[in-house]
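Chain by chain, the residues run as shown.
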Amino acid sequence: MQAQTIIVMLKENEIFDLIRRERERQVKGIELIASENFVSEQVLQAMGSVLTNKYAEGYPGKRYYGGCEVVDLVEDVARERLKKLYNAEWVNVQPHSGAQANMAVFMACLQAGDKFLGLNLSHGGHLSHGSPVNFSGLMFHALEYNVREDTGRVDYDQLEQVARAERPKLIIAGASAYSREWDYARIRRVADEIGAIFMVDMAHPAGLIAAGLLENPLKHAHIVTSTTHKTLRGPRGGVILLGKDFPNPWGKTTPKGEVKMMSALLDSAVFPGTQGGPLEHVIAAKAVAFGEALTAGFKDYQHQVQRNAAVMAQAFMDKGYKIISGGTDNHSMLVDLRTKYPDLTGKVAEKALVAADITTNKNMVPFDSRSAFQTSGLRFGTPAITTRGLKEDKMPWIVELIDEVLQNPESETNINKVRAEVNREMLQHELFAW
Ligand SMILES: Cc1ncc(COP(=O)(O)O)c(C=O)c1O
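Computed from a predicted structure; not experimentally measured.

Draft legend 1. Expanded view of the overall build of the protein. Helix and strand counts for the protein stand at 15 helices and 15 strands. In terms of C-alpha radius of gyration, the protein reaches 23 Å, essentially the compact-globule figure of 22 Å for 434 residues. Projected onto the principal axes, the alpha-carbon positions of the protein cover approximately 80 × 65 × 40 Å. Looking at the protein as a whole, 56% of its 434 residues are labelled buried. In the protein, 71% of the contacts between residues at least 6 apart in sequence involve partners at least 24 apart. As displayed, the protein has an accessible area near 19,300 Å², and 52% of this comes from carbon and sulfur atoms. Within the protein, the 52 negative side-chain charges are centred at a point lying 1 Å from the centre of the 49 positive side-chain charges.

Structure representation (C-alpha cells):
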C-alpha cells in the first residue's frame, strides 16, 4: 500500500474570531496612543506572506541557509529604500524591535559595566535607555539627565554637567514621551569633548523626520536607531542607521584582535550577537512602508499629523489643562492632569477613557508626585487618528469628549453617551483611509 501523508486541516476559529474582535475595536474607537498607527493594506499583506516560512540567518549574499536568493533581494530593497529616506550611508533592517536595535548598539559600542547617559525614564525616556529592570540598566552603568521643571524641555546644562563629570562612553538622545525638537548639535559637541559616542533613538518622530518636518539626527549622531511602527507607519520592528559622520574604523578591538568597522560591529551585534534568523516577512513589510514613506502623499500625511497635534494641544490648554512644555513640535503631547483635576490619577483617567472607546495611556509627568502605576499624566498622539482621516476640525471635538469623560469618570451613563458618539463618528472612517 502506498504511504499516504495525511495533513489534518485544522479549522481555526478561536483566534480568527479574536482578530475580528480586535479589528472592530480598532475601527470603532479613537486611537490616541502616541506610539501606535494603522498600517496600509499592502504592509499587512507583506507581513502575512509566505516569506514567514524562510530561514535566512546572516545578511544578503552571506547566509547560513540555502534558497535565500529571493529574500536577499527583499532585504536589499528594504535597505536601499531606508538609506534613501534618511540619506544614510549604511543601515541594518533586521532588528525585531526598537529595544533590540538599541541592545545591538550597546553590544557593539560598550563593555558590560560601562557608563552611558540617557533621558530619565520618568521624564520621558525609554526603558531601553537605562531602566533598572531593562538590560540597559542591568548590564551597564546608567546615568540620567532630566527635563527642566519650569520649561518641560531637556535640561542641556545638566546633561553637559553629568557628561563632563562622569565621562560616559555613550550619550543617548530620544524619548517616548517628549514633544519637543532636540538640540542634537549641542549634545554632539559635549560628546566630542569627552570622546563619547552619540546615539539618537528617533523611534517616535521617525515619520516626521523622514518627511523633513523635524531635523534629521543623522547629521549629528554617530548612530541612529528607530522603530518602524510609530509615526513611520510600518510593521512592528527596528532599524539601525549610520550617516556620513561616524568613527570608522571603530577603535574597539574584537576578541581576535581585529579593529572592526562600525557597520560590521553593528551587523554582528544584531546577528549573531542578539538575534537569530531575521523576520523576512516583516522586512518585506518594512520595505513596503519605506516605499510609502518616500511618496509625496506621506509628507502631506505627516504635515497633518503635526498640525493635528498642535491643534489638539491648544484645545487642551484652552480647556485649562496643562501641557508639559506648553505645546508640541511633533505628533505627541503629555497632559498633566493635576492642574485641572488634582485628585484624578492617570490610571483612573485611562480606564474611563478606554471604556468610552478613546484609547490612550497613563504616563508619568516630569517631577510627578505619583508612582508609575498611578501617574498624574496622560500621553496623547495623533498618528493613528490622522491615518483614519481626521483633520484639525475634529481635534477640539475629541478634546471635548475627553473632558466630558474626565469630569465624571465614575459615571457609566456619561461614559456610554460619549462612547456612542465616538462609535458613530469612527464607523464612518476606513482603517486604511490614508
Ligand atoms: C524611544 C523608544 N525607543 C525604543 C522603543 C522600543 O520599541 P519596541 O517596543 O519596538 O521594542 C520605544 C517604544 O515605545 C520608544 O518609544
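Draft legend 2. Molecular detail of the sheet that holds strand β5 (residues 115-119). If you trace the seven strands from one edge of the open sheet to the other, you get β4-β10-β9-β8-β7-β5-β6, paired in mixed fashion. If you trace the sheet from one side to the other, it starts and ends with β4 (90-92) and β6 (141-145), each paired once. Recorded for the sheet is a direction-independent mean angle of 20° between the axes of neighbouring strands.

Draft legend 3. Representation of the sheet that holds strand β12 (residues 332-336) within the structure. With antiparallel pairing, the four strands of this open sheet are ordered in space as β11-β12-β15-β14. The open sheet terminates on both sides in strands that have one partner only, identified here as β11 (322-323) and β14 (361-363). Note that β14 and strand β15 (residues 377-381) share three bridges and pair antiparallel. Bridging from a neighbouring strand, Asn363 pairs with Gly377 of β15. In the packing of helix α11 (residues 296-318) onto the sheet, contacts are made with β11, β12 and β15, and the angle to β12 comes to roughly 10°. Docked against the sheet, helix α12 (residues 346-355) engages β14 and β15, running at close to 45° with respect to β15.

Draft legend 4. The site of the ligand, seen in detail. Every residue near the ligand is listed here: Ser97, Gly98, Ala99, His126, Ala175, Ser176, Asp201, Ala203, His204, Thr227, His229 and Lys230. Taking Gly98, its main chain carries an N or O atom lying 2.9 Å from an oxygen atom of the ligand. At 3.5 Å, a side-chain N or O of His204 approaches an oxygen atom of the ligand. Out of a free accessible area of 390 Å², the ligand has 82% covered by protein chains. The site holding the ligand turns out to be the largest pocket. Of the residues assigned to the shell around the ligand, the class counts are three nonpolar, seven polar and two charged.

Draft legend 5. Structural detail: the layout of surface pockets. The calculated volume of the largest pocket comes to roughly 870 Å³. Residue lining of the largest pocket: 42 residues in total, with Leu121, Gly125, His126, Leu127 and Ser176 positioned closest to the centre. Mapped by element, the contributors of at least two residues to the lining of the largest pocket are α4 (98-109), β5, β6, β9 (223-227) and β14. Classifying every residue of the lining of the largest pocket gives 13 nonpolar, 24 polar and five charged. Each of domain 1 (46-293) and domain 2 (296-426) gives at least three residues to the lining of the largest pocket. Roughly 570 Å³ of internal volume is contained in the second largest pocket. Lining of the second largest pocket is provided by 18 residues; of these, Gln26, Asn37, Phe38, Val39 and Leu44 occupy positions nearest its centre. Sorting the residues of the lining of the second largest pocket by element identifies α1 (14-28) and α2 (41-47) as the ones contributing at least two each. Looking at the lining of the second largest pocket, the element that brings in the most residues is α1, giving five residues. Class assignment for the residues of the lining of the second largest pocket results in eight nonpolar, four polar and six charged.

Reading guide: rules and limits
Sequence order as written defines the numbering, with residues in each chain counted from 1. Confidence filtering applies because this is a predicted model: local features only for residues at pLDDT of at least 70, side-chain atom pairs given and counted only at 80 or more, and all residues used for totals across whole chains, interfaces and linings. Think of the side-chain values as coming from all heavy atoms in the structure, minus any hydrogens and water. Counting from the N terminus, the helices are the DSSP runs of H or I reaching at least four residues and the strands are the DSSP runs of E reaching at least two. Our radius of gyration looks at C-alpha atoms and nothing else; its globule reference is 2.2 Å times the residue count to the power 0.38. Relative accessibility decides the category of a residue: with a 1.4 Å probe and only protein chains considered, values under 20% of the type maximum give buried, values over 50% give exposed, and everything between is partly exposed. Two residues qualify as a contact provided that any one of their heavy atoms is within 4.5 Å of a heavy atom in the partner residue. Under the convention used here, a 1.4 Å probe and the Shrake-Rupley method define accessible areas, while residue burial counts only the protein chains that appear. Charged-residue counts in this description rest on Lys and Arg as positive and Asp and Glu as negative, His and the chain ends being excluded. Note on charges: their place is set at NZ of Lys, CZ of Arg, CG of Asp or CD of Glu. Here, a strand pair is defined by DSSP locating no fewer than two bridges between the strands. Only the stretch in contact is used when fitting a helix axis, every axis being a line fitted to C-alpha atoms; angles between N-to-C directions are given from 0 to 180 degrees. Think of it this way: one heavy atom of a residue within 4 Å of a molecule or strand is enough to make that residue near it. Pairing of N or O atoms within 3.5 Å defines a polar contact, subject to two protein rules: one partner must be a possible hydrogen donor and the other a possible acceptor, and residues neighboring in sequence count only if both atoms are side-chain atoms. Only protein atoms enter the 1 Å grid used here. Points where a 1.4 Å probe fits but cannot escape make up a cavity, open sets with protein on both sides within 12 Å along at least five of seven lines make up a pocket, and a residue lines them when an atom lies within 4 Å of a point. Pocket or cavity membership: a molecule qualifies when more than half of its atoms sit within 2 Å of the grid points of that site. When residues are sorted by character, Ala, Val, Leu, Ile, Met, Phe, Trp, Tyr, Cys and Pro go into the nonpolar class, Asp, Glu, Lys and Arg into the charged class, and all the rest, Gly among them, into the polar class. Grid points are joined across faces, edges and corners, and a volume is the space filled by probe spheres set on the points. Domains are outlined according to an automatic or database domain assignment.

Purely geometric stuff here, so don't read any function into it on its own.
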